[in-house]
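# Descriptive structure summary
Spelled out, the chains give:
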Amino acid sequence: QVRLVESGGGLVQPGGSLRLSCAASGTIFSIYALGWYRQAPGKQRELVASVTSDGTTNYADDVKGRFTVARDNAKNTVSLQMTSLKPEDTAVYYCNAENIQSAYYLYTELWGQGTHVTVSS
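Read on for an overview of the structure. (Residues numbered from 1 in each chain as written. Predicted model: local features only at pLDDT ≥ 70, side-chain atom pairs only at ≥ 80, totals over all residues. Heavy atoms only, no water.)

### What about the layout of surface pockets?
- Taken as a whole, the largest pocket encloses approximately 160 Å³ of empty space.
- Looking at the largest pocket, it is lined by 13 residues, and the ones nearest its centre are Arg38, Lys43, Glu46, Asp62 and Glu88.
- Its residues assigned to classes, the lining of the largest pocket comprises two nonpolar, three polar and eight charged. (1 Å grid on protein atoms, 1.4 Å probe; cavity = no way out; pocket = protein on both sides within 12 Å on 5 of 7 lines; lining within 4 Å. Points joined across faces, edges and corners; volume = space filled by probe spheres on them. Nonpolar A, V, L, I, M, F, W, Y, C, P; charged D, E, K, R; others polar.)

The structure is reproduced here in structure tokens:
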């Protein structure tokens, strides 16, 4: 069974930085896309950033230039380096993986359990 486990959330002051990490566990042969979504209270879940297996990245407009997504294909991990954080970045951040080929099953999509990020003074 494949699982996504996130770490790195917490409380940070405006203008600060935080790094989120996500690791996919299990016997995995390939993952097409890894990324991060977030959901603020009362709002829909939205894409923050993603990266495909060939390194193509995609960012939400409001995080471009502040956040950097990176993946390690050998370790099946993805990180999100967040800088110049703003109060409006406060949300639960979810790791996402698409088209995960494991030893026994092809998963269309998987989600992590979520990690809280609070930007406040």
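Additional details are given in the paragraphs that follow.
### Concerning the packing of aromatic side chains
- One pass over the structure, following the stated rule, counts three aromatic pairs.
- Ring geometry for Tyr37 and Trp111: centres 5.0 Å apart, planes at 70°, overall edge-to-face. Of this pair, Tyr37 sits in strand E4 (residues 28–39) while Trp111 sits in strand E10 (residues 106–111), and the two are 74 residues apart along the sequence.
- Taking the relative accessible area as the measure of exposure, Trp111 reaches 32% and is therefore partly exposed.
- On the numbers, 4.9 Å between centres and 75° between planes, the contact of Tyr105 with Tyr107 is edge-to-face.
- The exposure class assigned to Tyr107 is buried, which follows from its relative accessible area of 16%.
- An aromatic cluster is present here, built from Tyr37, Tyr94 and Trp111 joined pairwise through their rings.
- Lying across the ring of Tyr94, Arg45 places its NZ or CZ 3.7 Å from the centre.
- Its end group placed over the ring of Trp111, Arg45 keeps NZ or CZ at 4.6 Å from the ring centre. (Phe/Tyr/Trp six-rings, centres within 6.5 Å; stacked < 30°, edge-to-face > 60°. Helix = DSSP H or I, 4+ residues; strand = E, 2+ residues; numbered from the N terminus. Buried < 20%, exposed > 50% of the residue type's maximum accessible area, 1.4 Å probe, protein only. Lys NZ or Arg CZ within 6 Å of the ring centre and 35° of its normal.)

### Structural notes on the pairing of E10
- In this sheet, E10 lies alongside strand E9 (residues 91–102) in antiparallel orientation, the contact comprising five bridges. Bridging across to E10, Asn96 finds its partner in Trp111.
- Turn length for the E9-E10 hairpin, with the two strands adjacent in sequence and antiparallel, is three residues. (Pairing = 2+ DSSP bridges.)

Everything listed here is a matter of coordinates, which is why it stays silent on function.
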